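# Fold and contact review
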Amino acid sequence: MDLVRHLAYFTAIAHERHFGRAAQRLGMRQPPLSQGLRRLESELGVRLFDRDSQGVTLTDAGTALLPAAHRVLDEVEQLQLLARRQETPTRERCTVRVAPGLGARHYAALVTACRRAVPSADVDVSEQSTADQVQDLLQGRADIGILREPVAARGLTWGARVVVPLRCLMPADHPAAAAGRVRLRDLSGFELILPPRDQAPAAHDELVAACERHGFLAGKVSGVADDRLVHGLVASGGQVSFTTDAPSAGEGAAIVPIDDEPLVLTLRVAWRGTLDVHVRSLPQTIVGALTRRHASPTVHPGRTPRAASELPAEPA
Amino acid sequence: MSTAAHGIQRSFDDAGVFGYLHARALHEPGREIGLLPDDPVVLASVFKLPLAVAFARAVDDGRLDPTEPVTLSPDTRTPGATGFAAMSDPVTISWRDAVRSMMTVSDNAAADALLDALGTDDVNSTLAELGLTSTRVSGGTRHLYASLIADFGSPSLSEAIRQVQNATTLDELTSFDPHLTTSTVGTCRDMTALLESVWHDRAASAEQCAFIREVMAQQVWTQRLAAAFPFDDVVVAGKTGTFLALRHEVGVVEYPNGEAYAVAVFTLSTRARLILPGADAAIAQAAKLAVAVLR
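Residues numbered from 1 in each chain as written. Chains lettered and ligands numbered in written order. Predicted model: local features only at pLDDT ≥ 70, side-chain atom pairs only at ≥ 80, totals over all residues.

In the nomenclature of an unreviewed UniProt entry, chain B is known as Serine hydrolase of Phytoactinopolyspora alkaliphila.

An unreviewed UniProt entry annotates chain A as LysR family transcriptional regulator of Phytoactinopolyspora alkaliphila. As its UniProt record puts it under Sequence similarities (unreviewed entry), chain A is described as follows: "Belongs to the LysR transcriptional regulatory family." (UniProt positions renumbered as here; feature names shortened; annotations may be inferred.)

It is worth spelling out the overall build of chain A at this point. A tally of regular secondary structure across chain A gives ten helices and 13 strands. Along the first, second and third principal axes, the C-alpha set of chain A runs to 70 × 60 × 30 Å. Counting all 316 residues of chain A, 34% fall into the buried class. (Helix = DSSP H or I, 4+ residues; strand = E, 2+ residues; numbered from the N terminus. Buried ≥ 20, exposed ≤ 12 C-beta atoms within 10 Å, placed from the backbone.)

The interface is formed by 27 residues belonging to chain A together with 36 residues belonging to chain B. Of all the elements in the fold, those that place two or more residues in the side of chain A that touches chain B are helix 3 (30–44), strand 6 (157–165) and helix 8 (201–213) of chain A. The element that contributes the greatest number of residues to the side of chain A that touches chain B is helix 3 of chain A, accounting for five residues. A per-class count over the side of chain A that touches chain B returns 18 nonpolar, four polar and five charged. (Contact = placed C-beta atoms within 7 Å. Nonpolar A, V, L, I, M, F, W, Y, C, P; charged D, E, K, R; others polar.)

In this section: the sheet that holds strand 8 (residues 246–254) of chain B. Sheet strands pair via backbone hydrogen bonds, and the direction of the pair is either parallel or antiparallel. Residue and element names in this part refer to chain B. On the basis of which strands lie adjacent, the open sheet formed by five strands has the order 2-1-9-8-7 and antiparallel pairing. Lying at the two open borders of the sheet, with one neighbouring strand each, are strand 2 (32–35) and strand 7 (235–243). When the angles between neighbouring strand axes are averaged without regard to direction, this sheet yields 10°. As judged from the nine bridges shared by strand 8 and strand 9 (residues 260–269), these two strands associate in the antiparallel manner. Residue pairing in the sheet places Glu-254 in a bridge with Ala-260 of strand 9. Those strands touched by helix 8 (residues 188–199) are strand 1 (17–25), strand 2, strand 8 and strand 9, and its axis lies near 150° from that of strand 9. Packing against the sheet, helix 10 (residues 277–294) makes contact with strand 1, strand 2, strand 8 and strand 9, and its axis sits at approximately 145° to strand 9. (Pairing = 2+ DSSP bridges. Axes fitted to C-alpha atoms, helices over the stretch in contact; angles between N-to-C directions.)

What follows is about the environment of Ala-264 of chain B. Residue and element names in this part refer to chain B. Here Ala-264 is to be found in strand 9. Taking the number of C-beta atoms within 10 Å as the measure of exposure, Ala-264 has 33 and is therefore buried. Separated by 164 residues in sequence, Ala-264 and Arg-100 place their C-alpha atoms 20 Å apart. The residues contacting Ala-264, other than those within four sequence positions of it, are Leu-21, His-22, Cys-188, Met-191, Thr-192 and Val-250.

What follows concerns the packing of helix 3 (residues 95–104) of chain B against helix 4 (residues 108–118) of chain B. All names here are of chain B. Interhelical geometry of helix 3 versus helix 4 gives an angle of 130° and a closest axis separation of 8 Å. In terms of orientation, helix 3 and helix 4 fall into the oblique class. Here the hand of the crossing between helix 3 and helix 4 comes out left-handed. Listed contacts from helix 4 to Trp-95, Ala-98, Val-99, Ser-101 and Met-102 of helix 3 are Ala-110, Ala-111, Ala-113 and Leu-114. (Parallel < 35°, antiparallel > 145°, perpendicular 65-115°, else oblique. Left-handed = near helix turned anticlockwise from the far one by under 90°.)

All names here are of chain A. As summarised here, the arrangement of the five strands in space is 4-3-5-13-6, forming an open sheet in which the pairing is mixed. Strand pairing shows two members of the sheet lacking a second neighbour, strand 4 (121–127) and strand 6, which therefore form its edges. For this sheet, the mean angle separating the axes of adjacent strands, direction not counted, is 20°. Examined bridge by bridge, strand 6 and strand 13 (residues 264–271) share seven bridges and lie antiparallel to one another. Counterpart to Val-163 in the pairing with strand 13 is Thr-266. In this fold helix 6 (residues 130–138) packs onto strand 3 (92–98), strand 5 (144–148) and strand 13, with an angle of close to 155° to the strand it touches most, strand 5. Sitting on the sheet, helix 10 (residues 282–290) touches strand 3, strand 5, strand 6 and strand 13, and the angle it makes with strand 6 is about 10°.

Each assigned domain of chain A is listed with its residue range as follows: domain 1 (3–87), domain 2 (92–163 + 265–290) and domain 3 (167–262). Its C-alpha centre places domain 1 of chain A at a distance of 47 Å from the equivalent point of domain 3 of chain A. (Domains from an automatic or database assignment.)

Once that is clear, we can look at the environment of Leu-130 of chain B. Residue and element names in this part refer to chain B. In this structure, Leu-130 sits in the loop between helix 5 (120–129) and helix 6 (141–152). For the pair Leu-130 and Thr-192, spaced 62 residues apart in sequence, the C-alpha to C-alpha distance is 12 Å. If sequence neighbours within four positions are ignored, Leu-130 has contacts with Leu-194, Ser-197 and Ala-203.

To continue, consider the packing of helix 2 (residues 48–60) of chain B against helix 5 of chain B. All names here are of chain B. Two elements in contact, helix 2 and helix 5, have axes separated by 9 Å at closest approach and are oriented at 90°. What the angle tells us is that helix 2 and helix 5 run roughly perpendicular. For the pair helix 2 and helix 5, contact is made by Pro-50, Leu-51, Val-53, Ala-54 and Arg-57 and by Asp-122, Val-123, Thr-126 and Leu-127, respectively. A class-by-class count of the residues in the contact of helix 2 with helix 5 yields six nonpolar, one polar and two charged.

Turning next to helix 8 of chain A. Taking 1.5 Å as the rise per residue, helix 8 of chain A with 13 residues should run 18 Å; its terminal C-alpha atoms sit 18 Å apart, in good agreement. Three or more residues of helix 8 of chain A are buried, namely Ala-202, Ala-203, Glu-206, Leu-207 and Cys-211 of chain A. Where helix 8 of chain A is buried, its residues touch strand 5 and strand 8 (191–194) of chain A together with helix 1 (3–15) and helix 10 of chain B. Looking one or two residues past helix 8 of chain A, Gly-215 of chain A carries a phi angle of roughly 90°, positive in sign. (Expected span 1.5 Å × (residues − 1).)

Residues and elements named next belong to chain A. Here the amide bond leading from Glu-149 into Pro-150 is cis, since omega sits at -5°, within 30 degrees of zero. By the element assignment, Pro-150 lies in the loop between strand 5 and strand 6. We note that Arg-17 has phi near 55°; this positive angle belongs to a residue other than glycine. You can see Arg-17 is positioned in the loop between helix 1 (3–16) and helix 2 (19–26). In this structure, Glu-261 is a non-glycine residue whose phi angle is positive, near 45°. Tracing the chain through its elements places Glu-261 in the loop between strand 12 (253–256) and strand 13. Judged by local crowding, Glu-261 falls into the partly exposed class, with 15 C-beta atoms found within 10 Å.

Structural data, given as structure tokens:
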């Protein structure tokens, strides 16, 4: 358990006397906050709050422990300040790694927003596979990662999820290119070019499955890493690809929005432990820079889950 | 990490899930392979295997008559997707057929009725007597449902399932937290040891061990362990466990020449998806690699 983080939950709830407001203050959602509190209570072996319809009140044990929690958090902050003074660099540095998949416009928005948010620091943004990011974050070689989901990794602190809709890169002479919109089922018969599966195997498989879900069974799926080569192959005809770039046309290929935006690139911001004070706002900045007005696809499960899920059809 | 363990880890990484595995050759003690084999994981329906062993011992002791009828009523039994748990009307069956339903189709109603009859203490003392100190049954499926409902403060299970499907991360849910004393947990190593004791007639009498092996070989789900060994002359006996993020199977793969391998694979997905074929395939692939190393 990350005791420092959980103590921060404790002090925030004690200050706000309200889970919702405490969650807002911490920049998180309420369920993980209340789960975190329960875990802390279980770890300490005492109840810290009484919950009722009026809100939350400190228990006697909570009142007794609160000053100590404040002392721990103050000492941690002192420790971080001291550590930073030892470095004595002229400017702070922050290394941000991004999983492949975003287009130039997203990178521009990302870098601009980061620089504006922390003008006192050099924010270094570069591209790296999710698997390598996990290693670099855990070993302190990178500060903030923007990882491609799904990712199964331990020891990281997770920020918000970013969902970026994908558009179709298709030959310019496809009728949908002129129409300015395409349904996935209209791509039947085309071959699909995606980044090599090795970069993000589970995400790759899910993307291919989502195409099938919406009626596009690619004749063949090939892996190509280089964006210019992808563009050239698509322009040559018979093949399509997906991109986060904005709709446009040129050099024999067009970027066309897909009806209902069924395909998305799902990213997740992550870092190790607690971020330095001076870059603590960056995860939120990153999410803001990458998020357009796009409703994340909420799951609408069938009313009767398949038996293989081992869940009741109409739960009691 | 050995080359083989790397390959197994890669199967899990490819599917984007946390994975745990232990496999041992039953015909050649000492040959084994593991990946986090001693990490506790919430068992989901895999708890029905130790429960079946506790049943077998209760029959041996004369505490339970396997042919005695038990009635599962729709208003009191635990709901589920399969078996009697999914039916509309009261069902009366013998205890041993309740066990068969619980093991072959993971029937929640049959399992919780049996657990109510035996008690968790009985299951846990069975585990202790077999030396399986890392496995603990705190409750059955009803208990697991209750923990999920409490996690979200939801009014009902269906509401909790809806919420979990849109949750950002599943790691923080207490329902999947193996370190809580209220969780029903086990390790892959404990599960292959339990299978070994069933296959070597040490878990209960030879007759009752044979019964457990028989019902495990009637396992209907084939997308996990059985998918890795699709041969007419190879018997795969298993017990699955599935609950939102959790997908497990523990079982024994038997070749006609007498080679037998106990395999336990647990997975935890970060995605709240009811259907995740990639995780099922990863279980098959990991089991295939593990058995290949031991052969």
